[in-house]
Amino acid sequence: MDIDKVKEFFQKDRFVHANGIDIVSAGEGTCECAAVIAESHLNAGNVVQGGMIFTIADFAFAVASNCKHPNVVSMNNNITYVRPPKGKTLIARAKEISATRKTCLYEVELTDELGTQVAFMTATGYIKGGSIGL
């Protein structure tokens, strides 16, 4: 998988770009994304907003699944928040667990750069088919 082509395609995801999420690596059914925690990611309790954690997890799933299958959209996501990050960077690692002709299942592990487990997500995708240009 051409990482530059993947990054170029997903640069169009304005919400992800605005939140400072970067693709670190991507392959067929795998992806690692990272984001330096910014003030704009914190909630009123001064910890990372759950929506930011979900966003990086969902994006890692999107990249990983679309690098393997043609045109995947999310059907269902289930996230469990474990603890706030202690470090300064959120990291999401997605990998495919199984796939059929029309669906795929992914696990996404969320940590910080210190190895603190922040959250865990499972994501089910629907494989629409066709091409998105990857």
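As recorded in an unreviewed UniProt entry, the protein goes by Phenylacetic acid degradation protein PaaD, thioesterase and comes from Christensenella hongkongensis.

Caption draft 1: Layout of the overall build of the protein. Counting its secondary structure elements, the protein contains three helices and six strands. Listed N to C, the secondary structure of the protein is α-α-β-β-α-β-β-β-β in terms of helices and strands. A principal-axis box enclosing the C-alpha atoms of the protein has dimensions of 45 × 25 × 25 Å. Here the protein holds 134 residues, and the buried ones make up 40% of them. Look at the contacts in the protein between residues 6 or more apart in sequence, and 64% of them connect residues 24 or more apart.

Caption draft 2: Seen up close, the UniProt feature "domain: Thioesterase" (unreviewed entry) in the protein. When the UniProt feature table is mapped onto this chain numbering, "domain: Thioesterase" (unreviewed entry) sits at residues 46-118. Strand forms 45% of residues 46-118 and helix 26%; the C-alpha atoms that close the span are 15 Å apart.

Caption draft 3: Quick look at the environment of V63. Within the secondary structure layout, V63 lies in helix α3 (residues 50-68). Along the backbone, V63 and T116 are 53 residues apart, and their C-alpha atoms lie at a distance of 23 Å.

Caption draft 4: Geometry of the packing of aromatic side chains. Scanning the entire structure with this criterion turns up three aromatic pairs. Consider the rings of F9 and F10, whose centres lie 5.0 Å apart with planes at 90°: the pair is edge-to-face. Ring centres of F10 and F59 lie 5.5 Å apart, and the angle between their planes is 85°; this geometry places the pair in the edge-to-face category. Note that F10 is positioned in helix α1 (residues 3-10) and F59 in helix α3, a separation of 49 residues in sequence.

Caption draft 5: Molecular detail of the nonpolar core. Counting residues in hydrophobic clusters, the biggest one holds 34 residues, and the most contacted among them are I23, V63, V108 and L110. Looking at this core, the elements that each hand over two or more residues are α1, β1 (22-27), β2 (30-36), α3, β3 (72-81), β4 (89-99), β5 (103-112) and β6 (117-127). At ten residues, the largest contribution of residues to this core is made by α3. Those residues in contact with L110 that lie beyond four places of it in its chain are I53, I56, A57, I91, A92, T116, Q117, V118, A119 and F120.

Caption draft 6: Quick peek at the sheet that holds β3. Reading across the sheet, the six strands line up as β1-β2-β4-β5-β6-β3 and stay open at both edges, with antiparallel pairing between neighbours. Every interior strand has two partners, whereas the edge strands, β1 and β3, have only one. Each neighbouring strand pair of the sheet contributes to a mean axis angle of 20°, computed without reference to strand direction. Relative to β6, β3 runs antiparallel, the two sharing nine bridges. Directly across from N77, in β6, lies its bridge partner A123. Contacts from α3 reach β1, β2, β3, β4, β5 and β6 within the one sheet, and its direction differs from that of β3 by about 140°.

Caption draft 7: Geometry of unusual backbone geometry. With a phi angle near 70°, N46 is a residue other than glycine that sits in the positive phi range. Within the element layout of this structure, N46 appears in the loop between β2 and α3. Even without being a glycine, N71 presents a positive backbone phi close to 65°. Here N71 lies in the loop between α3 and β3.

Conventions used here
Residues numbered from 1 in each chain as written. Predicted model: local features only at pLDDT ≥ 70, side-chain atom pairs only at ≥ 80, totals over all residues. Heavy atoms only, no water. Helix = DSSP H or I, 4+ residues; strand = E, 2+ residues; numbered from the N terminus. Buried < 20%, exposed > 50% of the residue type's maximum accessible area, 1.4 Å probe, protein only. Contact = heavy atoms within 4.5 Å. UniProt positions renumbered as here; feature names shortened; annotations may be inferred. Phe/Tyr/Trp six-rings, centres within 6.5 Å; stacked < 30°, edge-to-face > 60°. Core = buried A, V, L, I, M, F, W, Y, C linked by side-chain atoms within 4.5 Å. Pairing = 2+ DSSP bridges. Axes fitted to C-alpha atoms, helices over the stretch in contact; angles between N-to-C directions.

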